[in-house]
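Each chain, letter by letter, is given below.
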Amino acid sequence: YDGRSDILETHLQRGTDFARRALEVAANDPEIMANAALALAGFGEDISSMEAVVERALKLNPDSARVWYVSGNLMNWAGEPDVAIQHAENALRLSPRARVGATSCVMGAGHFYSRRFDAALPHLNLAIQEDPSHPQAYRFLAASLAHMGRLIEARQIFERLRALSPSAISISRALCNPDHRDLLLSGLQLASGLNTLLLEES
């Protein structure tokens, strides 16, 4: 669901099946529960139901950095970016020596959805530094730069994204807030030059 698959529907079906099986066989393991909920939410399952799974995982182990990280992802998708940032900060506090790239991406996305584009940049740059192969951080970075009017930099980041992902302009099906979807899509279109092309053709 992050645009890395070129056979999306096949991977969605297989991923959904594996995640449901994981929930069945490890119903009391908080990290497996959280990981399965993250996968299912990303594949388009009801976000409220997946939030309930993660809430139960947090009750089982409130000190799990992984579960707080997953909760941060779900909060962004559910349209609660400030809560997402808080949950990501909890994850970092509980596991300060772990690699922080993915968690930084959650924080960067939260700032992006709240239109704090300048605050998003350091988190997204750190996420890319730690995992240069992860398309999602490039998407938020390119869109942030585009909305800030830094179009040359945005275009450069978008070209790096295009080299990584078969579907560079890709919006997660888990994203519930239509304003957030529009904000990300319009930023990516600006970064890609698509808006400029449309204006030139009209």
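Overview of the structure. On a predicted model such as this, the values are computed, not experimentally measured, just so you know.

Some thoughts on the packing of aromatic side chains
One pass over the structure, following the stated rule, counts 4 aromatic pairs. Judged by centre distance (5.7 Å) and plane angle (70°), the ring pair of Phe112 and Tyr113 falls under edge-to-face. Each of the two residues, Phe112 as well as Tyr113, counts as buried. Both rings, one in Phe112 and one in Phe140, keep their centres 5.5 Å apart while their planes meet at 65°; by these two values the pair is edge-to-face. Within this pair, whereas Phe112 is found in helix 6 (residues 101–113), its partner Phe140 is found in helix 8 (residues 135–147), the two being separated by 28 residues in sequence. Residues Phe112 and Phe140 agree in their burial class; the two are buried. By the ring-pair criterion, three or more aromatic residues cluster together here, those being Phe112, Tyr113, Phe117 and Phe140.

Re helix 8
Along its 13 residues, helix 8 runs 19 Å from first to last C-alpha, staying within 8% of the 18 Å computed at 1.5 Å per residue. Among the 13 residues that make up helix 8, 12 are buried, leaving the element largely enclosed by the rest of the structure. Those residues of helix 8 that sit buried are Pro135, Gln136, Ala137, Tyr138, Arg139, Phe140, Leu141, Ala142, Ala143, Ser144, Leu145 and Ala146. Packing partners of the buried residues in helix 8 comprise helix 6, helix 7 (117–130), helix 9 (151–164) and helix 10 (178–192). Following helix 8 by one or two positions, Gly149 has its phi on the positive side, about 85°.

Notes on the nonpolar core
Leu74, Trp77, Phe112, Phe140 and Leu184 are the most contacted members of the largest nonpolar core, which has 58 residues in total. The contacts of Phe140, once residues within four sequence positions are left out, are Cys105, Ala109, Phe112, Tyr113, Leu124 and Leu184.

Considerations on unusual backbone geometry
Positive phi, normally seen in glycine, also occurs at Arg115, with a value near 65°. Relative to the helices and strands, Arg115 resides in the loop between helix 6 and helix 7.

Looking at the packing of helix 3 (residues 47–60) against helix 4 (residues 65–77)
Two elements in contact, helix 3 and helix 4, have axes whose closest approach is 10 Å; the angle formed by their N-to-C orientations is 155°. Here helix 4 runs roughly antiparallel to helix 3, going by the angle between their axes. Here the hand of the crossing between helix 3 and helix 4 comes out left-handed. On helix 4, the residues touching Ile47, Met50, Glu51, Val54, Ala57 and Leu58 of helix 3 are Val67, Trp68, Val70, Ser71, Leu74, Met75 and Trp77. The residue makeup of the contact of helix 3 with helix 4, split by class, is 11 nonpolar, 1 polar and 1 charged.

Looking at the environment of Leu74
In this fold, Leu74 is placed in helix 4. With 33 residues separating them along the chain, Leu74 and Ala41 place their C-alpha atoms 7.5 Å apart.

Focus on the pattern of salt bridges
Under the defined criterion, the tally for this structure stands at 4 salt bridges. Arg150 is paired through a salt bridge with Glu153; the nearest N and O atoms lie 2.8 Å apart. Arg150 sits in the partly exposed class, given a relative accessible area of 33%. Given a relative accessible area of 33%, Glu153 falls into the partly exposed group.

Regarding a nonpolar patch on the surface
Side chains of Ile169, Leu185 and Leu194 sit close together on the surface and give an oily, nonpolar patch of about 190 Å² of accessible area. By the element assignment, Leu194 lies in helix 11 (residues 194–201). You can call Leu194 partly exposed: its relative accessible area is 30%.

Definitions and cut-offs
Residues numbered from 1 in each chain as written. Predicted model: local features only at pLDDT ≥ 70, side-chain atom pairs only at ≥ 80, totals over all residues. Heavy atoms only, no water. Phe/Tyr/Trp six-rings, centres within 6.5 Å; stacked < 30°, edge-to-face > 60°. Buried < 20%, exposed > 50% of the residue type's maximum accessible area, 1.4 Å probe, protein only. Helix = DSSP H or I, 4+ residues; strand = E, 2+ residues; numbered from the N terminus. Expected span 1.5 Å × (residues − 1). Contact = heavy atoms within 4.5 Å. Core = buried A, V, L, I, M, F, W, Y, C linked by side-chain atoms within 4.5 Å. Axes fitted to C-alpha atoms, helices over the stretch in contact; angles between N-to-C directions. Parallel < 35°, antiparallel > 145°, perpendicular 65-115°, else oblique. Left-handed = near helix turned anticlockwise from the far one by under 90°. Nonpolar A, V, L, I, M, F, W, Y, C, P; charged D, E, K, R; others polar. Salt bridge = Lys/Arg side-chain N within 4 Å of Asp/Glu carboxyl O. Patch = residues over 30% accessible without salt bridge, like charges linked within 9 Å, V, L, I, M, F, W, Y side chains within 5 Å. Areas by Shrake-Rupley, 256 points an atom, 1.4 Å probe, with all protein chains shown as cover.

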